[in-house]
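Fold and geometry: a report
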Amino acid sequence: MAKKESSRYAEAGVDIDKGNEFVERIKPMVASTFRSGVLTGIGGFGGLFALGSGKYKDPVLVSSTDGVGTKLLIAQMCNRHDTIGIDLVAMCVNDIVVSGAQPLFFLDYFSSGGLDLEVAAAVVQGIAKGCEISRCSLIGGETAEMPGMYSPGEYDLAGFVVGICERDKIIDGSDIRVGDTLIGLASSGVHSNGYSLVRKICFEEMKLSVNDHIEEFGCTLGEELLRPTRIYTEPLLNLIKNFRVKGLVHITGGGIIDNLPRVLPNGCKAVLDGKSWEVPPVFEFLRQNGKVSAEEMCRTFNNGIGMVVVVDAKEADDVRMQLQALGEKPFVIGEIAARSKKKKDEPLVEIDCD
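In short, a report on the structure. None of these values were measured; they are calculated from a predicted model. (Residues numbered from 1 in each chain as written. Predicted model: local features only at pLDDT ≥ 70, side-chain atom pairs only at ≥ 80, totals over all residues. Heavy atoms only, no water.)

1. Concerning the overall build of the chain
- Summing up its helical and strand segments, the chain has 12 helices and 12 strands in all.
- The C-alpha atoms of the chain give 22 Å as radius of gyration, which agrees with the globular expectation for 354 residues (20 Å, within 12%).
- Along the three orthogonal principal directions, the C-alpha set of the chain runs to about 80 × 60 × 40 Å.
- Here the chain holds 354 residues, and 50% of them are scored as buried. (Helix = DSSP H or I, 4+ residues; strand = E, 2+ residues; numbered from the N terminus. Rg over C-alpha atoms; globule rule 2.2 N^0.38 Å. Buried < 20%, exposed > 50% of the residue type's maximum accessible area, 1.4 Å probe, protein only.)

Shown next as structure tokens:
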């Protein structure tokens, strides 16, 4: 048997053979996400997806891209990589479902200083799981080795999703009116925002370890911080079929205070009761130990509400009951009110955070 020649590229930190082995390893995971419309398998230069003729009258494609921020560092500290891919998918698909879009296909970008097959495969396993939950096909991606850009064991992720909806079914907040009800859907925890502050409080100031058991959480700090971002696509798409949903808001960076205004029409403001929903223990833990003001908590974290649904007040009870039947934990958290024409600096979101 001929001896395999050494590669100067591999000596520089990029192993093409390992990359090819990785593609072969993840092919079954990727194929498990395929839905009707996928025309190509993994390994080509581009992923092909057919919309199909006659299925949509006036289709509009909706796209989004996102990452998971410094939550990646928590995964690396815990050496647990099988859920961070769920976060990646969630951050993207939750952003397009607010328009009423059904996710169609997803692509990922994974970059590291050197490819660790076990770590990379675990990440893709999580991505495939997120695609399965959101009924979205993983049709391609990119794996990049960039020695010198990342320290050993570090990697970065980005995700890209494309969805579809009928033009006359687009949800953009334009139908929101004074008197409408705001229903908040419970988050699974911190989701994927605010982790720079989380890390500062927990690791720099409190000197905690990811392996420390926190009584309030009933688990280790690492386990709590790695809870995957909740994916809301299926419950919301089911809700849209039966009710007139006027607005949807994904609560990410900026919290409720900065995200709700993105759907409010002129002349409207949102008035919320901060005591109307259950706040997971992790947020009180961060607030107290980090000495974070109530207002900053509302602008940095989701504080237990991952998605807000705006509906007519007359339908609020029925909407809440259907969301419960679909496995969500909904809370009536406020209403839409009129803004004063005399107060130019009146806030778009009023919330009792204390």
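2. A few points about the packing of aromatic side chains
- Within the structure shown, the criterion is met by 4 aromatic pairs.
- With a centroid separation of 5.1 Å and 65° between ring planes, the pair formed by phenylalanine 217 and phenylalanine 285 is classed as edge-to-face. Remark: phenylalanine 285 occurs in helix α10 (residues 281-290) and phenylalanine 217 occurs in the loop between β6 (213-214) and β7 (219-220); sequence separation between them is 68 residues. Of the two residues examined, phenylalanine 217 and phenylalanine 285, each falls in the buried class.
- Each ring, one from phenylalanine 283 and one from phenylalanine 301, has its centre 6.1 Å from the other, and the planes form 55°; the classification is tilted. Here phenylalanine 283, found in helix α10, pairs with phenylalanine 301, found in the loop between α11 (294-300) and β10 (305-311); they are 18 residues apart in sequence, far enough to count as distant. The residues phenylalanine 283 and phenylalanine 301 share a single accessibility class, namely buried. (Phe/Tyr/Trp six-rings, centres within 6.5 Å; stacked < 30°, edge-to-face > 60°.)

3. Notes on the pattern of salt bridges
- With the rule as written, the count across this model stands at 16 salt bridges.
- Residue glutamate 204 is joined to lysine 200 by a salt bridge in which the shortest nitrogen-to-oxygen separation is 3.6 Å. With a gap of 4 residues between them, glutamate 204 and lysine 200 both fall in helix α6 (residues 195-205), about one helical turn apart.
- Between arginine 287 and glutamate 284 there is a salt bridge; the shortest N-O distance is 2.7 Å. (Salt bridge = Lys/Arg side-chain N within 4 Å of Asp/Glu carboxyl O.)

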